[in-house]
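Read off the chains here:
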Amino acid sequence: MLPPIASPFDPKAILRERMKGERRAAAKARPDAGVHAAAHFMKSVPRNENAVVSVYFPMRNELDTEPLVAALIEEGVTVALPVVAKKKAPLLFRAYKPGDDLVPGSYGELIPAETAPEATPDILVVPLLAFTAEGGRLGYGGGYYDRTLEKLRKTGAPLAVGYAFGAQEVDALPLSPLDQPLDWVVTERGATKCG
């Protein structure tokens, strides 16, 4: 008996391509979305006064995080940026303030220089291609945030906050047991606690 033939169509890969287009269109239609999302985050997502918040540096039409970084810094929160130190390993995080020197990372993203102090985030603002209201997240396929959240959740309870355009919401995602859920989703439309 022959084994079943594997489908050449990866549902996640197909959805990723579709959602890149959705995000591109949303970024063009809503250039002010980052300002509105930052206001929703600051109003809704719980954080303590000594919080460390990891925020991605946007690329490829991702929702702008600059207004969020400015609001967090004004509040006195420590901001960190994610760094890919090794492939197929959890991320590490380095402290960041606007004006700090940034260097290109492994994927062309901007990251703090190696001299910036490492930090462990209490809240991770996570980029994505698609999300569900229940906290499902479709990332880029590298698994970095999933590995990172799995590691951090073994010793604490960091919040994972998906940060995206409202147009990136879908009804369902092809998730695996390795996919880590989001606790919150913040868009230009509002902030939603997942689950």
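Throughout what follows, the structure given in this document is the object of discussion. Computed from a predicted structure; not experimentally measured.

1. Quick look at the pairing of strand S3 (residues 92-95)
And step 1. Side-chain alternation along S3 places Leu92 and Arg94 on one buried face and Phe93 and Ala95 on a second face that is also buried.
And step 2. Examined bridge by bridge, strand S2 (residues 78-83) and S3 share 4 bridges and lie antiparallel to one another. Bridging across to S3, Val83 finds its partner in Leu92.

2. Describing unusual backbone geometry
And step 1. In the Ramachandran plot, Arg60 falls in the positive-phi region, its phi being about 50° despite a non-glycine side chain.
And step 2. Its identity is not glycine, yet Lys88 carries a phi of approximately 60°, on the positive side.
And step 3. Relative to the helices and strands, Lys88 is located in the loop between S2 and S3.
And step 4. For Lys88, a relative accessible area of 69% puts it in the exposed group.

3. Examining the packing of helix H2 (residues 33-44) against helix H3 (residues 66-75)
And step 1. Two numbers describe how H2 lies on H3: the axes approach to 8 Å, and their chain directions differ by 35°. Once H2 is placed against H3, the crossing between them reads as right-handed. Where H2 abuts H3, its residues Gly34, Val35, Ala38, Phe41 and Met42 lie against Pro67, Leu68, Ala71, Leu72 and Glu75.
And step 2. Across the contact of H2 with H3, the residue classes break down as 8 nonpolar, 1 polar and 1 charged.

4. Some thoughts on helix H4 (residues 144-155)
And step 1. Between its first and last C-alpha atoms H4 spans 18 Å; for 12 residues at 1.5 Å apiece the expected length is 16 Å, and the two agree.
And step 2. Every buried residue of H4 is accounted for by Tyr144, Tyr145, Asp146, Thr148, Leu149 and Leu152.
And step 3. Buried residues belonging to H4 abut S2, S3, strand S6 (123-126), strand S8 (137-138) and strand S9 (159-163).

5. Regarding H2
And step 1. Compared with the 16 Å implied by 1.5 Å per residue over 12 residues, the 16 Å span of H2 between its first and last C-alpha is a close match.
And step 2. By the burial criterion, the buried members of H2 are Ala33, Gly34, Ala37, Ala38 and Phe41. Taken down its axis, H2 places every buried residue within 130° of arc, on the same side. Opposite its buried face, H2 presents the exposed residues Val35 and Lys43, each directed more than 90 degrees away.
And step 3. Buried residues in H2 make contact with strand S1 (52-55), H3, S6, S9 and strand S10 (184-187).

Analysis parameters
- Residues numbered from 1 in each chain as written.
- Predicted model: local features only at pLDDT ≥ 70, side-chain atom pairs only at ≥ 80, totals over all residues.
- Heavy atoms only, no water.
- Buried < 20%, exposed > 50% of the residue type's maximum accessible area, 1.4 Å probe, protein only.
- Helix = DSSP H or I, 4+ residues; strand = E, 2+ residues; numbered from the N terminus.
- Pairing = 2+ DSSP bridges.
- Axes fitted to C-alpha atoms, helices over the stretch in contact; angles between N-to-C directions.
- Left-handed = near helix turned anticlockwise from the far one by under 90°.
- Contact = heavy atoms within 4.5 Å.
- Nonpolar A, V, L, I, M, F, W, Y, C, P; charged D, E, K, R; others polar.
- Expected span 1.5 Å × (residues − 1).
- Arc of directions from axis to C-beta.

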